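# Working through the structure, step by step
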Amino acid sequence: MNNINIVKAEKSQINELTIMAIDLWPEEDYEELRNFILSILDCDEHVYFLATIEDKIAGFIYMSIRHDYVEGANSSPVGYVEGIYVKPEYRHMGIGRILVEKGEEWAKSKGCKEIASDILYDNINSYNFHRKVGFREVSRLICFIKDID
């Protein structure tokens, strides 16, 4: 699709970006997430890229550089897809793939040889998307918690 542009997010786009991020992470508080995004927009090891079509924001990818252990990685640092979201009306148009490719370019420019991601165990749509854009599953992790009070 030729009319998709990928741009680095700017502070002027924070409200629409936060609305999409809340759609992806509904358990988050809007103001806290908005402030977090604002705090990392100028950070060298975090980036939000936006996909736009005719000046309308269609989706985003949030990438970071992780220096700590990343499951399945053979190198460090690793580019990490912290989140990727495409608005429902723009899905199945190749936007997610283009966003991942932009994230790969960014991670390479930061010295990374690999990118990684994670999903919740029951998110079949995200699992299928990751496989479609070239990720391979490296492990499964189930986390536990127990109240002790």
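Throughout what follows, the structure given in this document is the object of discussion. (Residues numbered from 1 in each chain as written. Predicted model: local features only at pLDDT ≥ 70, side-chain atom pairs only at ≥ 80, totals over all residues. Heavy atoms only, no water.)

The next subject is the overall build of the protein. A count of helices and strands for the protein gives four helices and five strands. What you see in the protein, going N to C, is helices and strands ordered as β-α-α-β-β-β-α-β-α. Sorting the 149 residues of the protein into buried and exposed places 36% on the buried side. The contacts of the protein with a sequence gap of at least 6 include a subset with a gap of at least 24, amounting to 59%. With the model as given, the accessible surface of the protein reaches about 9800 Å², and the carbon-plus-sulfur share is 49%. Taken as two groups, the 17 positive and 26 negative side-chain charges of the protein have centres that lie 7 Å from each other. (Helix = DSSP H or I, 4+ residues; strand = E, 2+ residues; numbered from the N terminus. Buried < 20%, exposed > 50% of the residue type's maximum accessible area, 1.4 Å probe, protein only. Contact = heavy atoms within 4.5 Å. Areas by Shrake-Rupley, 256 points an atom, 1.4 Å probe, with all protein chains shown as cover. Lys, Arg positive; Asp, Glu negative; His and termini not counted. Charge placed at Lys NZ, Arg CZ, Asp CG, Glu CD.)

If you look at the biggest cluster of nonpolar residues, it comprises 21 residues, and the most contacted ones within it are Ile-61, Ile-95 and Leu-99. Ranked by residues supplied to this core, first place goes to helix α3 (residues 95-109) with five residues. Once residues lying within four places of it in the same chain are set aside, the contact partners of Ile-61 are Val-47, Tyr-48, Phe-49, Val-81, Gly-83, Ile-84, Leu-99 and Val-100. Core analysis: the next-biggest nonpolar cluster, separate from the first, contains 16 residues, Met-20, Ile-37, Leu-50 and Ile-57 among them. (Core = buried A, V, L, I, M, F, W, Y, C linked by side-chain atoms within 4.5 Å.)

Listed in full, the buried residues belonging to helix α1 (residues 14-24) are Ile-14, Leu-17, Thr-18, Met-20 and Ala-21. Along the long axis of α1, the arc covered by the buried residues comes to 165 degrees, so they all point the same way. Each element contacted by the buried residues of α1 is listed here: α2 (30-40), β2 (46-53), β3 (56-66) and β4 (78-86). (Arc of directions from axis to C-beta.)

Moving on: the packing of aromatic side chains. One pass over the structure, following the stated rule, counts five aromatic pairs. Pairwise contacts between aromatic rings join Trp-25, Phe-36, Tyr-48, Phe-60, Tyr-62 and Tyr-85 into one cluster. Just above the ring of Tyr-80 sits the side chain of Arg-66; from NZ or CZ to the centre is 3.5 Å. (Phe/Tyr/Trp six-rings, centres within 6.5 Å; stacked < 30°, edge-to-face > 60°. Lys NZ or Arg CZ within 6 Å of the ring centre and 35° of its normal.)

What follows covers the pairing of β4. The element β4 is extensively covered by neighbouring structure, given that eight of its nine residues are classed as buried. Here eight bridges tie β3 to β4, and the two strands are oriented antiparallel to one another. Pairing of Gly-59 across the sheet is with Val-86, part of β4. Where β4 lies against strand β5 (residues 115-117), three bridges are found, and the strand directions are parallel. When the bridges of β5 are listed, Tyr-80 appears paired with Ala-116. With α3 bridging β4 and the parallel β5, this β-α-β connection has right-handed handedness. (Pairing = 2+ DSSP bridges. Right-handed = clockwise from strand over helix to strand, strands pointing away.)

What follows is about the sheet that holds strand β1 (residues 4-8). One open sheet accounts for five strands, arranged β1-β2-β3-β4-β5; its pairing is mixed. With partners counted over all chains shown, the strands left at the sheet margins are β1 and β5, one partner each. Each adjacent strand pair in this sheet contributes to an overall mean axis angle of 30 degrees, direction not counted. α1 contacts β2, β3 and β4 of the sheet and is inclined by roughly 70 degrees relative to β3. (Axes fitted to C-alpha atoms, helices over the stretch in contact; angles between N-to-C directions.)

This paragraph deals with the environment of Leu-17. Along the chain, Leu-17 falls in helix α1. Remark: the alpha-carbon pair of Leu-17 and Tyr-48, spanning 31 residues in sequence, is separated by 9.0 Å. Contact partners of Leu-17, with chain neighbours within four places excluded, come to Ala-9, Ile-37, Tyr-48, Leu-50 and Phe-60.

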